[in-house]
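Survey of secondary and tertiary structure
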Amino acid sequence: MKLIIEAEELATQLEREELLIVDLSSPHNYLNGHIPGAIHLPFQALMAGTAPAPGKLPGIEQLTQIFQAIGLKPEQHVVACDDEGGGWAGRFLWTLEMIGHRNYSYLNGGMLAWRGAGLPLTTEAPDIEPSDIQITVNSTAAMDAQQIQDQLGNDEFLVWDARSPQEYRGERVLAMKGGHIPGAINCEWTQLMDPQKDLRIRADAREFLAALGIDSSHKIVTHCQSHHRSAFTWLVGKSLGFDIRAYPGSWSEWGNLPNTPVQQ
């Protein structure tokens, strides 16, 4: 199944039995109209929520509860969408990757693209039959602070910082330390969205990133402040075939650890 699915293509598949659509829009937007059959999941469920690194993955118990509650089964094809251009949808798909469920797609442009195409909406909440799925976590889609420190200085390794230029330069400080991981390349997440096309991933993403030095010749790790923005950059990198992982501790952890190097 394709990682990136267009609204018109998804619209032809709504009757497929093994399809599970998960909408991570705000509750207000979901209630105002969603894709028929789509289940709402509050994005907060995807975060551990504990200081200093709230963006880390929740524990096995919480993950198991979430995926059982939405009725996830191993054979399902999951499509994720949101109302903000892909951050929370990306975070959900990265979480699926972490639990080894790899049959998933991102609705390109999310609900903006769906509404923009004039496709059907409903305000009815679907009936959810909980599943008894058991979760295990496989960390191959993630890196921790120590693993990143061990790779600094390796020419084949690259850190993609998805935060704003102000955070990257250390002008906006959201932790004990401001700045960026030494050698990191800054490409703010929203730069990969096309505002002319309902925030779909920009068609020239590969060329745009290559011009910045982000390409498939590197092993890449991406981060932001809490692995929300960087969940979208992880998704884009994955769609381009990059060897990419995420750092869920992100700057909220790196910027608060006493021994992590920082560049400004």
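Residue numbers here run from 1 along each chain, matching the order of that chain's written sequence. With the structure being a predicted model, the display of local features is reserved for residues of pLDDT at least 70 and the display and counting of side-chain atom pairs for 80 or more, all residues being used for whole-chain, interface and lining totals. Values shown for side chains rest on all heavy atoms present in the structure; no hydrogens or waters enter the calculation.

With respect to the sheet that holds strand β5 (residues 104-107)
One open sheet accounts for five strands, arranged β1-β5-β4-β2-β3; its pairing is parallel. The open sheet has two edge strands with one neighbour each: β1 (4-5) and β3 (39-40). When strand β2 (residues 19-23) meets strand β4 (residues 77-81), the two strands line up parallel, connected through five bridges. Within β4, the residue paired with Leu19 across the bridge is His77. A strand pair is defined by DSSP finding two or more bridges across the two strands. Segments assigned H or I by DSSP are reported as helices when at least four residues long, segments assigned E as strands when at least two residues long, and all are numbered from the N terminus.

Some thoughts on unusual backbone geometry
Here Ala51 and Pro52 are connected by a cis peptide whose omega angle stands at 0°. Its location among the elements puts Pro52 in the loop between β3 and α3 (60-69). We note that Asp198 has phi near 55°; this positive angle belongs to a residue other than glycine. Residue position: Asp198 is located in the loop between β8 (193-194) and β9 (200-201). The phi torsion at His227 lies on the positive side, around 60°, for a residue other than glycine.

Observations regarding helix α9 (residues 229-239)
Working definition: with a 1.4 Å probe on protein chains only, accessible area under 20% of the residue-type maximum means buried, over 50% means exposed, and in between means partly exposed. Judged by how many residues are buried, α9 sits mostly within the fold: nine of eleven residues are covered. All of the buried residues along α9 are Arg229, Ser230, Ala231, Phe232, Thr233, Trp234, Leu235, Val236 and Gly237. Just downstream of α9, Gly241 is the residue with a positive phi angle, here 80°.

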